[in-house]
Every structure is written in structure tokens, then in C-alpha cells.
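Breakdown of the fold
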Amino acid sequence: MRTLWLSLLLSTALAVSVTQALAGETRASRILDRFEHANQWRDHVMVAAHRAGSMQAGKTLYAENSLAAVEGSIAMGAEIIEVDIRRSREGEFVVMHDSWLDRTTTCKGEVAKRTLAELRRCRLVIEGTGIVTNETVSTLREMLIAAKGKILVNLDNKLDVGDLSGMIAVARDLAMAEQVIVKENLWNSTRIATVKAAMDAIGGGFQFMPIIADDAVHDSGFAEAVDRAFSSRAIELINWRAGAEKLTETGGPLFSTRMRAAAVRGDWHIWADTYAIVNKPGGFLAGGRGDELAVQASLPREAWGFWADRGATIIQTDEPKAAIEWLATNGYRVPYGDDSRSAEPANTASIN
């Protein structure tokens, strides 16, 4: 009888501990696990919502970089939101893509010349429709609070590399630095050294993602040098040189077999971009294979499927809802039901 009671007590304690562990686990922590273990999740394509995810089916539903867009991206199942960071006149970090307020708000003039109080009086506008929302320019702190425990946040630094330390300080103050991904462009060894010094000065506890563009880098060797310097869990590859003048057949010099092999050896994600750039042709960053091809032309396999088949395990898009639905339907996403997977070696063992 004593043995039976002890067994029951142990079973109860185990059940309670498992329940507590699951209760303490956030959606963001499950996403972070996939982000930090690329080789275990090569069969899952994560989706990053560009400018917080303001569009659906070619129509802008939310103001870009808005809290409403963040909530929409979380609800639809995106893993990452990308937002742009600038400073107000007194130095407060605010979320705004352009250096001027004219395009996205009811105000005019430069962001850096307005105080936070003045920016609070600016209403965000839904581009295309001109609808004025009730939302104002958000601070970085407010944006992070909206995302806490729910989604990873990719900060696109519109300032200097030295400003990243202040952004991470805000995230640390909110106990969510590990949810934050910061990134910088790298193009030669001097730039690697400069950014490496800045990252080392900030310290650890957050994600750093290098950006490599094919106008300066043409092979996987540079990416491997970057990996040795930073041990990043993702590298953003920009298909810049080809533009959208011709539909790419190969993915360009960076999306090569050797790059995919380097990503596996380094256990990092290949991050591709299919979103549009203002005043540029559709698919400019994707060799013509961007969101427009997927949505307006109804050829998602030729856009999102193309980049996934060339090794991209993170796709940044203006159409996160459509991308998630198509990727899931076509076997490119694994539901967040059972995330328990054993670690796999990066290199294949020899067979004798």
C-alpha cells in the first residue's frame, strides 16, 4: 500500500510539473526554439511580416508599423514581425519607416525634428485608402510590450549601428531581449569587424542577423566568414542585383547549392524577401518572384514555393496570411502541436 501511495504521489507531482512547464511556455518561446535550431526545422518555413504585416490579398488593411498590424500578424500565425526604428527629437526610439512623416501619418516633416509629444498627435494613415486610424506613432517600448511572449520582433535599424545598444536596453528592461532580432548589412571584412565590435559591446541575450546582398557578395564563402564571426541563427540574403527585370531561374548567386550547404553546416536559417519596395517594380528583391507574382498573378508556387525550394526557411513578406496558408497547405509548415525533436547533426556521417 505504501508503494502504491508513493507511486500515485510521484505521478501526480510529474503531471503538475508538466502542466506548469506548459503553462510557463509562451508562443514566442516555441517560435524561438525553431529559430535557434534551424537544422531541426528545415521542413518548416517561418513567415516574417514586413512592417508588422499591414496587407492582405493586395489590400492594405492596417497602417504599417502599427499595433493593429502586430495584433493581426499574431492572430494569423506569423512567427516574426519586422518593424522600423527611428528617434524622436529628444532621442526616444519610435516605430517609423520613413525619415519623414508625410506618407504614413496625418503630419508632415521630419521624424527626428518632432518631440514624442508632437508625434503623439500624428495619426497613422492606411496607405492606399487614406483612411485615418486612431493609432499614433508607437514607441519601441510600446511595440515590444504588444509582442511580448507572442511573436519575435525584427528591428530594422534606420539609425547608426551604435544605436542598437539602446534598443536592446529597452528590450532587456522588459525582460524580452531574446525575442528581439537586430540586423546590419555586411559587405566586407572591415564592415564585419565594425559590427562585431558593436555586438560584443552590447553583450549577449538577443539575436543578431547579418544581411548580405548580391551587389557586393557573390558566393557562400563570405557567408561562412560571417557565420564564424557571429554564429548567427539566420542570415538574410538579398537578391538585389537582378532586380525584377527578368524572372530569375536560379535564385541568383547567393541562393546556391553551396549556400544551402553552408547554412546546414552552420545550423542557420536562410532568410528570403518577397515584399515590395516603394517606387520599385514588383518582386524587386526577389528576382521578379515576389508577393505580386504570388497574389496578383495567383502563382504562389513560383514565388514562395520557389524560395522555399532553394533553401529559404524564413520568408519576409507583405502578404503573411496568404503565405502562411499556401505554405501550410503545400507541406512547407509544421503545426506547433508537438515541438519535441531530437537534435540532428549538421553533417552527414560517412557510410562504410
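Preceding block: the structure.
One structure accompanies this document, and this report is about it. As the structure is a computational prediction, the values presented were derived from the model and not from experiment.

Thresholds, definitions, all that
- The numbers attached to residues start from 1 for each chain and follow its sequence in the written order.
- The predicted origin of the model limits local features to residues at a pLDDT of at least 70 and limits the giving and counting of side-chain atom pairs to 80 or more, whereas totals for whole chains, interfaces and linings rest on all residues.
- Values shown for side chains rest on all heavy atoms present in the structure; no hydrogens or waters enter the calculation.
- Buried, partly exposed and exposed residues are distinguished by accessible area as a fraction of the type maximum, computed with a 1.4 Å probe on protein chains only: under 20%, between the cut-offs, and over 50%, respectively.
- By definition, any uninterrupted DSSP run of H or I lasting at least four residues is a helix, any uninterrupted run of E lasting at least two residues is a strand, and each is numbered from the N terminus.
- By definition, two strands form a pair when at least two bridges between them are found by DSSP.
- A cavity here means a set of 1 Å grid points, computed over protein atoms only, where a 1.4 Å probe fits but cannot escape. A pocket is an open set with protein on both sides within 12 Å along at least 5 of 7 lines, and lining residues have an atom within 4 Å of a point.
- Grid points are joined across faces, edges and corners, and a volume is the space filled by probe spheres set on the points.
- Residue type decides the class: Asp, Glu, Lys and Arg count as charged, Ala, Val, Leu, Ile, Met, Phe, Trp, Tyr, Cys and Pro as nonpolar, and the leftover types, Gly among them, as polar.
- Remark: nonpolar core denotes a set of buried residues (Ala, Val, Leu, Ile, Met, Phe, Trp, Tyr, Cys) joined through side-chain atoms within 4.5 Å.
- By definition in these notes, contact holds between two residues if any of their heavy atoms fall within 4.5 Å.
- A fitted line through C-alpha atoms serves as each axis, taken over the contacting stretch for helices, and the angle formed by two N-to-C directions is quoted from 0 to 180°.
- Every angle not falling under 35 degrees, over 145, or within 65 to 115 is termed oblique; those three ranges are roughly parallel, roughly antiparallel and roughly perpendicular.
- Two helices cross in a left-handed way if the nearer one is turned anticlockwise from the farther one by less than a right angle. They cross in a right-handed way if the turn is clockwise.
- Think of it as the arc spanned by the lines of direction from the helix axis to the C-beta atoms.
- Here, a salt bridge means any Lys or Arg side-chain nitrogen found within 4 Å of an Asp or Glu carboxyl oxygen.
- For the purposes of this analysis, a disulfide is any pair of cysteine sulfur atoms at a distance within 2.5 Å.

With respect to the pairing of strand β9 (residues 180–185)
- The element β9 is extensively covered by neighbouring structure, given that five of its six residues are classed as buried.
- Inspection of the sheet shows strand β8 (residues 152–157) paired to β9 by three bridges, in the parallel sense. Paired with Asn 154 across the strands is Ile 181, a residue of β9.
- Here β9 pairs with strand β10 (residues 207–213) via five bridges, running parallel. Within the sheet, the bridge partner assigned to Asn 185 lies in β10 and is Ile 211.

Points about empty space enclosed by the protein
- As enumerated under the stated definition, the model contains one cavity of 30 Å³ or more in all.
- Size it by volume and the largest cavity reaches roughly 40 Å³.
- Lining the largest cavity, in full, are Glu 64, Asn 65, Val 95, Met 96, Thr 104 and Leu 124.
- Classifying every residue of the lining of the largest cavity gives three nonpolar, two polar and one charged.

A look at the nonpolar core
- In terms of nonpolar packing, the biggest core is built from 71 residues, with Ile 81, Val 83, Leu 144, Leu 155, Met 199 and Ile 212 touching the most fellow members.
- Contact partners of Leu 144, with chain neighbours within four places excluded, come to Val 153, Val 170, Ala 171, Leu 174, Met 176 and Val 180.

Things to note about the packing of helix α7 (residues 189–202) against helix α8 (residues 220–230)
- Contact geometry for α7 and α8: axes closest at 11 Å, N-to-C directions at 20°. With respect to α8, the element α7 is oriented roughly parallel. Both α7 and α8 take part in a crossing whose hand is right-handed. Contacts between α7 and α8 involve Ser 189, Ile 192, Val 195, Lys 196 and Met 199 on the former and, on the latter, Phe 222, Val 226, Ala 229 and Phe 230.
- Taken together, the residues that form the contact of α7 with α8 break down as seven nonpolar, one polar and one charged.

What to know about helix α6 (residues 164–173)
- Along α6, the residues that are buried comprise Leu 164, Met 167, Ile 168, Val 170 and Ala 171. Across the axial projection of α6, the buried residues extend over an arc of 150°, all falling on one side.
- Against the buried residues of α6 lie β4 (80–87), β5 (93–95), α5 (140–147), β8, β9 and α7.

Focus on the pattern of salt bridges
- Under the counting rule described, the total for this entry stands at 18 salt bridges.
- Residues Asp 163 and Arg 87 are paired through a salt bridge, measuring 3.0 Å at the closest nitrogen-oxygen approach. Of this pair, Asp 163 sits in the loop between β8 and α6 while Arg 87 sits in strand β4, and the two are 76 residues apart along the sequence.
- Judged by its relative accessible area of 27%, Arg 87 is partly exposed.
- The network of salt bridges with shared partners includes Arg 51, Glu 64, Asp 98, Arg 103 and Glu 127.

Things to note about the state of the cysteines
- This model, assessed by the stated rule, comprises one disulfide.
- Across a sulfur-sulfur distance of 2.1 Å, Cys 107 and Cys 122 are joined as a disulfide pair. Between Cys 107 and Cys 122 the sulfur-sulfur dihedral comes to about -105°; the bridge is accordingly left-handed. You can see Cys 107 sitting in the loop between β5 and α4 (116–120) and its partner Cys 122 sitting in the loop between α4 and β6 (123–126), a full 15 residues away along the chain. The pair Cys 107 / Cys 122 is uniform in exposure class, with both members buried.

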